[in-house]
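Below are the chains, spelled out letter by letter.
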Amino acid sequence: MISRSLGRLSDSTQFHEPLDVAGQDRIVLTQQLEMMLRIRYAERFLANGRRDGIVGGPVHLGIGQEAVATGVAAVLRKSDRIFGGHRSHSHVLSMGGSVYRLFAEVLARRSGMSRGMGGSMHLWDKPNGFYGAVPIVAGTVSLAVGAGLAAKLQGVQDIGVAYLGDGAMEEGVVHEALNLARMLNAPVLFVVENNLFASHMHISLRQPSDSMVRFAVANDIEHSVVDGNDVVKTHQAADALVQRIRAGHGPGFLEAVTFRWFGHVDWREDIDVGVYRSADEVSEWRKRDPIARLYKGLCSAGWFDETTMAQLEEKISQEVQKAWDLALRDESPSIEAMSDYVYGARAA
Ligand SMILES: Cc1ncc(C[n+]2csc(CCOP(=O)(O)OP(=O)(O)O)c2C)c(N)n1
Ligand SMILES: [Mg+2]
């Protein structure tokens, strides 16, 4: 039987209440609400585009998980070195990445983040600190350690950041990366989005414990575990870890417990193929919605109301619609671009 070390944190019936925003900065929280809405609206467009056959390649949606990247990005700099994987729309957008260029990439337009040749799982936005995502699970984790180490050798206070999932924790390279990061005291933050699933398999079928921080403990790495649907707690935990990393005390490890509303890939819920994933569980987790919880917290504090929320949603909806329309009108890359940039050696 799996050891449920996470306890309440992984229980879908818990944490439905509004966030406690007492003592928090109203402007920061409003910006975080806006960012989470931007990520969600953008992913909804991608979901619908995929469903309607406008998007050709697969899209891995993180709707429901927006608070993780939003809370973490709040303590990152554009000069940091951030790496992601197959589900990285939120990672790139939370750093200020352009929704238009994300759409253009997924729609295979030459204006896309990877010149339209990579799609949803090959995002790159170095000006905003995003050094890249690849579909190979755990494929960028060791790169983040190297990039952090490079910053240390360069004498700058920038850090490497590796976003990975609970499934990625099962790859051998992650354990080498954790060990090396600690042995060299590399300035790197590991952010594990523990959404309890890898593809269609629940964690209880894959690991003897649902806790990811146990691997940080094993490597003597400073760590925290938070409700990843609470942007305030995620932000606070990331802040404490990153301050320590920038001060030269070596790596940090943040486990954010969360859940994706859609299935593994594209817009379906996967309640038919999922082991342990039922319509009831998805609907319970929807009540733990990171956006609704922050919105309700802001309302309780008297900082927000239905009208301001409607205005904000209208603004984001228009912004995202404009980005989509613009990207749709762009051209696809030429055939030569493939030999120049994919199989050839022309500089990016
Ligand atoms: C090395 C490798 N093995 C398997 C796959 C197929 N695959 C893609 S995503 C995924 C599950 C990853 O789960 P997790 O790391 O928890 O991320 P999540 O999808 O939950 O965000 C798998 C097995 C792959 N892309 N790369
Ligand atoms: Mg997962």
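Heads up: the structure comes first, above all this text.
Criteria and cut-off values
Residues numbered from 1 in each chain as written. Chains lettered and ligands numbered in written order. Predicted model: local features only at pLDDT ≥ 70, side-chain atom pairs only at ≥ 80, totals over all residues. Heavy atoms only, no water. Helix = DSSP H or I, 4+ residues; strand = E, 2+ residues; numbered from the N terminus. Buried < 20%, exposed > 50% of the residue type's maximum accessible area, 1.4 Å probe, protein only. Contact = heavy atoms within 4.5 Å. Polar contact = N/O pair within 3.5 Å; in protein donor to acceptor, adjacent residues only side chain to side chain. Donors = N, O, S within 2.8 Å, 3.2 Å for Na, K, Ca; no water. Near = heavy atom within 4 Å. Nonpolar A, V, L, I, M, F, W, Y, C, P; charged D, E, K, R; others polar.

Asks: Pulling in residues and values, what's your account of the environment of Arg 206?
Replies: Considering the arrangement of structural elements, one finds Arg 206 in the loop between strand S6 (201–202) and helix H7 (214–218). Assessed through its relative accessible area of 18%, Arg 206 is described here as buried. Sequence separation between Arg 206 and Asp 166 is 40 residues; the distance between their C-alpha atoms is 9.8 Å. Those residues within four positions of Arg 206 in sequence are excluded, and the remaining contacts are Asp 166, Gly 167, Glu 170, Leu 196, Phe 197, Ala 198 and Met 201. A polar atom in the side chain of Arg 206 sits 2.4 Å from the side chain of Glu 170.

Asks: Hey, could you go over the side chain of Gln 32 for me, with residue numbers and the actual values?
Replies: Within the secondary structure, Gln 32 sits in helix H1 (residues 26–51). In this structure Gln 32 comes out as buried when scored by relative accessible area, which is 5%.

Asks: Describe in detail the coordination of the magnesium ion (ligand 2), supporting the description with residues and values.
Replies: Coordination of the magnesium ion (ligand 2) by the protein is provided by Asp 166 (OD), Asn 195 (OD1) and Phe 197 (O), with metal-donor distances spanning 2.1 to 2.2 Å. Expressed as a motif, the donor residue spacing for the magnesium ion (ligand 2) is D-x28-N-x1-F. With Asp 166 in the loop between strand S3 (160–165) and helix H6 (172–183) and Asn 195 in the loop between strand S4 (188–194) and strand S5 (197–198), this residue pair connects regions lying 29 residues apart in the sequence. Asn 195 shares its class with Asp 166; the two are buried.

Asks: So what's going on with the site of ligand 1? Residues and values would help.
Replies: His 86, Arg 87, Gly 167, Ala 168 and Asn 195 are the nearest of the 15 residues found near ligand 1. At 2.7 Å, a side-chain N or O of Arg 87 approaches an oxygen atom of ligand 1. Here a nitrogen atom of ligand 1 and a backbone polar atom of Pro 135 are 2.9 Å apart. For the shell around ligand 1, the per-class residue count stands at 6 nonpolar, 6 polar and 3 charged.

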